[in-house]
Amino acid sequence: MQQTLKAIYRNGTFILQTPCNLPEEVEIELVVKSPPVIAPKITDVNERRKFLKSLVERMQQNPIPPTAPQFTRDMLHERR
């Protein structure tokens, strides 16, 4: 049986937002869906330059380690 329930995570607890009829002590698997993040548009040229410089600096400070796994095209795309 598959059932989709909505919940909010607050203070270390999942608070259900939809009713459910599950037996006591049933084991469930949670899948977390984060809301999409949309970056604000930076219209000022100087602000954009400053942001991009900061972004590049952070990327250079946190390089991908040489031992990181190499992903294939198939691994990067969802398959259903």
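*Asks:* Is there a simple way to explain the pairing of strand E2 (residues 13–16) in this structure?
*Replies:* Every other side chain in a regular strand lies on the same face of the sheet, so the side chains alternate between the two faces. Here strand E1 (residues 7–10) runs beside E2; their pairing, made up of four bridges, is antiparallel. Across the sheet, Tyr9 pairs through a bridge with Phe14, a residue of E2. Counted along the chain from E1 to the antiparallel partner E2, the turn is two residues long, and its residue Asn11 has a positive phi close to 50°.

*Asks:* I'm lost on the packing of aromatic side chains in this one. Help?
*Replies:* Each aromatic ring pair is characterised by the separation of its centres together with the angle its planes make. Throughout the structure, instances matching the rule amount to one aromatic pair. Ring centres of Tyr9 and Phe14 lie 4.9 Å apart, and the angle between their planes is 55°; on these two criteria the pair is classed as tilted. Assessed through its relative accessible area of 54%, Tyr9 is described here as exposed.

Here is what the cut-offs are and how they apply
- Residues numbered from 1 in each chain as written.
- Predicted model: local features only at pLDDT ≥ 70, side-chain atom pairs only at ≥ 80, totals over all residues.
- Heavy atoms only, no water.
- Pairing = 2+ DSSP bridges.
- Helix = DSSP H or I, 4+ residues; strand = E, 2+ residues; numbered from the N terminus.
- Phe/Tyr/Trp six-rings, centres within 6.5 Å; stacked < 30°, edge-to-face > 60°.
- Buried < 20%, exposed > 50% of the residue type's maximum accessible area, 1.4 Å probe, protein only.

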